[in-house]
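What follows is the residue order along each chain.
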Amino acid sequence: MKFGFYTLGCKVNLFETQALMQQARLRGHEICTHDADAFILNTCSVTAISDHKNLRALHKIRRENPNAIIAACGCFAQTEPDKLAASGEVDLICGTSARSEIIALCEAAVQGRRPQDLQKFRQPSRTYETLPAGVPAGRTRALLKVEDGCDNYCTYCIIPYARGHVRSIPLREAVQEAQRLAQSGVHEIVLTGIEISSYGRDLPEQPSLVDLIDALCKAVPQTYLRLGSLEPRTVDQVFCQRLSQHPNLRPHFHLSLQSGCDRTLARMKRRYTTDFFLQQCHRLRAAFPDCSITTDLIVGFPGESEADFMQTLDFLSRCAFSDVHVFPYSPRPGTPAANMPEQIPEAVKAMRATQAKACAAELSQAYRAQFIGRTLEVLFEHPIGQGVWSGHSAYCFPVQASHTAISKNILLPVSITRLSANGLCGNIVL
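Criteria and thresholds
- Residues numbered from 1 in each chain as written.
- Predicted model: local features only at pLDDT ≥ 70, side-chain atom pairs only at ≥ 80, totals over all residues.
- Heavy atoms only, no water.
- Pairing = 2+ DSSP bridges.
- Helix = DSSP H or I, 4+ residues; strand = E, 2+ residues; numbered from the N terminus.
- Axes fitted to C-alpha atoms, helices over the stretch in contact; angles between N-to-C directions.
- 1 Å grid on protein atoms, 1.4 Å probe; cavity = no way out; pocket = protein on both sides within 12 Å on 5 of 7 lines; lining within 4 Å.
- Points joined across faces, edges and corners; volume = space filled by probe spheres on them.
- Nonpolar A, V, L, I, M, F, W, Y, C, P; charged D, E, K, R; others polar.
- Core = buried A, V, L, I, M, F, W, Y, C linked by side-chain atoms within 4.5 Å.
- Buried < 20%, exposed > 50% of the residue type's maximum accessible area, 1.4 Å probe, protein only.
- Contact = heavy atoms within 4.5 Å.

(A) Just the sheet that holds strand β11 (residues 292-299), in detail. In spatial order, the strands read β10-β11-β12; together these three strands make up an open sheet with parallel pairing. Since the sheet does not close on itself, it has two edges, and those belong to β10 (252-254) and β12 (323-328), each with one partner. Pairwise comparison of adjacent strand axes, ignoring direction, gives a mean angle of 15° for this sheet. Sheet analysis places β10 next to β11, joined by three bridges and oriented parallel. Within β11, the residue paired with H254 across the bridge is T294.

(B) Focus on empty space enclosed by the protein. Here the structure, examined in full by the defined rule, presents two cavities of 30 Å³ or more. There is about 60 Å³ of room inside the largest cavity. Considered class by class, the residues forming the lining of the largest cavity number one nonpolar, four polar and six charged. Around the second largest cavity sit N152, C154, E231, R233, K269, R270, R271 and Y272, which together line it. When grouped by side-chain class, the residues that make up the lining of the second largest cavity number two nonpolar, one polar and five charged.

(C) Seen up close, the layout of surface pockets. By volume, the second largest pocket is sized at about 330 Å³. Considering the residues around the second largest pocket, the lining is formed by 19 residues, among which F5, Y6, T7, T33 and F39 are closest to the centre. Where the lining of the second largest pocket is concerned, the elements lending two or more residues are β1 (2-7), α1 (11-26), β2 (30-32) and α2 (48-64). Here the lining of the second largest pocket is built from residues that sort into 11 nonpolar, five polar and three charged.

(D) Structural context of the nonpolar core. Counting 64 residues, the largest nonpolar core has F239 and L284 as the members making the most contacts within it. Among the elements that take part in this core, helix α8 (residues 209-219) stands out by supplying six residues, more than any other. Look past the residues within four positions of L284 in its chain and what remains in contact with it is V235, F239, C240, F253, L255, C291 and I293. Counting 18 residues, the second largest nonpolar core, distinct from the first, contains I40, I69, C94 and A109.

(E) Expanded view of the sheet that holds β2. Across the sheet, five strands lie side by side as β2-β1-β3-β4-β5; this open sheet has parallel pairing. Lying at the two open borders of the sheet, with one neighbouring strand each, are β2 and β5 (92-95). Sheet twist, expressed as the average angle between the axes of neighbouring strands with direction ignored, equals 25°. Looking at chain direction, strand β4 (residues 69-74) and β5 are connected through three bridges and run parallel. If you follow A72 over to β5, its bridge partner there is I93. Where α1 meets the sheet, its contacts fall on β1, β2, β3 (38-43) and β4, and the angle it forms with β1 comes to roughly 175°. With respect to the sheet, α2 is in contact with β1, β3 and β4, its orientation differing from that of β3 by roughly 170°.

Next up, the structure:
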């Protein structure tokens, strides 16, 4: 059989798709991009806009694969199965559980050509489902999912309802997966999950995220580890003291902010203040000099005044982020924030997003400029034309260089000479 795959959303979805692709290959199937016998769409539901993207992707898949059995899994398939079913173009609706069974279900559907609706998979799993870690198609860095689910219930977020409660991979299994990846030649492993800061709280021994990272760094000392998004409260003194001892931990930390205004943070049900968040940034920089601190920002949250927004812009500068992912607030049906009063007009949200992105670009440029004249190790990923390749440094931002020695998935030192639009440029040092 020929299997096609399409992924929307986060690194967790990317991890799960590559795991399904591994399973399909092990069962003797071919991976294709068109004319598939079965096609699996891994959906996202983080915003209402994501929901529309899922349906557009589904229509496109059906046009290009008119005779295929189409399966939908992921968060949108979990939260809005009726909308998917109403499209008339999906045969299997699998949600966020029982991923290991999807390939076999597609096989059965192709053989019988019978639409199926998997009612037994309508509830998120209560246990952690171990799937094989690996490198997503076209990437060089491996993903290792260590946790699923979230118990925070921020007022704007549907994901706890889609993914269920926190479930963690046992520490020993995570170590074994990391060692397997390292032995396969992977240079960098990215730890991912829905809320990795909650890692271990569901396990009998209750290992912490710090325990996990410490064990992984020791288990694969020649392989770099990069962390996914962190809840700011994770960065305590123990975190910094223990993890700063590992040279193979990448000095890049993504601390989820969402707003630089305490009034807005409280309405979002975020569990920290701006003063606390700034303290965490200082703590990281003391333990990991020159570290890259990136964040997410939602602008135009219900009730956000112009003064609130200006506080946020000022706070971005005080934190000196190396990059900020800016999102205008998108009401997500089924969340408390969607029903809050004082919804912000779309035009105002768009204007604030533009201002925030301009501020973020200035901060990023100022951070990257400090590396001009220095030499950074770069993991090269793909050519971008005329002999020029792009890769990522330890600090996450892209680096461009040209040399005959460059190839995919190779680590090389680069002497940084200038800024690029969103990264750096330099020369290979051999």
